[in-house]
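Tertiary structure, described
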Amino acid sequence: MIQDVVWGVSIVLMGSLALVFAWVAAGADISLPDYGPAIASAYRLRGWLFAAAVIVLIAANWRTLAELPYVSAATPAPGATVVPVDAVGEQWDWMVTPNAFKVGQTAEFHVSSKDVNHGFALYDPGMRIVAQVQAMPGYTNILRYTFTQPGTYHVLCLEYCGVNHHNMKTDIDVAAQ
Ligand SMILES: [Cu+2]
């Protein structure tokens, strides 16, 4: 999988950069002139504050990043029917199958592309964007959305993909229960 290769290359490059920083820091002269006891204790306090900031940062990331991606991780409402949906982008059209649902149903969009990257964006009948994910060639993204109101939802492309990008749209009908 190309994503594993990209991940591996990124880790190696980030690790090399971190080693360079560590090497420079280890060789740096960090001794201070004698500013007196007040400044010395301020420098000690700075060390503790930095450690506290690191702990808060790690805890906050631990708590929030685990839930990414928010929408595909969203669990369907209890009792909701989950409908698998094929959503394929192609210059310049969307093929969404099936494209008729009922309020309360959860669509599980399997989003991909036949050519270039597109941006799969779902709009409610009031043209408010309610969910979006990249449509990529050779890769399928999962996007779940539970329809909350009857009417015509719209799928538009959010990634510039060529001269007719602005016309790349399709409709999804959602019936009242
Ligand atoms: Cu586009």
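Here the structure is shown first, and the text comes after it.
Everything numeric in this text was worked out from a predicted model, so none of it was measured.

Focus: the coordination of the copper ion
- Taken together, the protein ligands of the copper ion are Cys157 (SG), Glu159 (O), Cys161 (SG) and His165 (ND1), with distances of 1.9 to 2.4 Å.
- Every donor counted, the four donor atoms about the copper ion form angles of 87 to 125° at the centre, which fits tetrahedral coordination.
- Between consecutive donors of the copper ion, the numbers of intervening residues give the motif C-x1-E-x1-C-x3-H.
- Its relative accessible area of 30% is what places Glu159 among the partly exposed residues.

Comments concerning the packing of aromatic side chains
- Per the stated rule, a full pass over the model turns up six aromatic pairs.
- Put simply, the rings of Phe101, Tyr145, Phe147 and Tyr153 pair up and form one aromatic cluster.

Things to note about the environment of Tyr145
- As for its position among the elements, Tyr145 is in strand 7 (residues 141–146).
- With 63 residues separating them along the chain, Tyr145 and Val82 place their C-alpha atoms 9.3 Å apart.
- Excluding its chain neighbours within four sequence positions, the residues that come into contact with Tyr145 are Gln105, Thr106, Ala107, Phe109, Leu122, Val130, Ala131 and Tyr153.

Rules of the game
Residues numbered from 1 in each chain as written. Predicted model: local features only at pLDDT ≥ 70, side-chain atom pairs only at ≥ 80, totals over all residues. Heavy atoms only, no water. Donors = N, O, S within 2.8 Å, 3.2 Å for Na, K, Ca; no water. Tetrahedral: all angles 85-135°; square planar, octahedral: opposite > 155°, others 65-115°. Buried < 20%, exposed > 50% of the residue type's maximum accessible area, 1.4 Å probe, protein only. Phe/Tyr/Trp six-rings, centres within 6.5 Å; stacked < 30°, edge-to-face > 60°. Helix = DSSP H or I, 4+ residues; strand = E, 2+ residues; numbered from the N terminus. Contact = heavy atoms within 4.5 Å.

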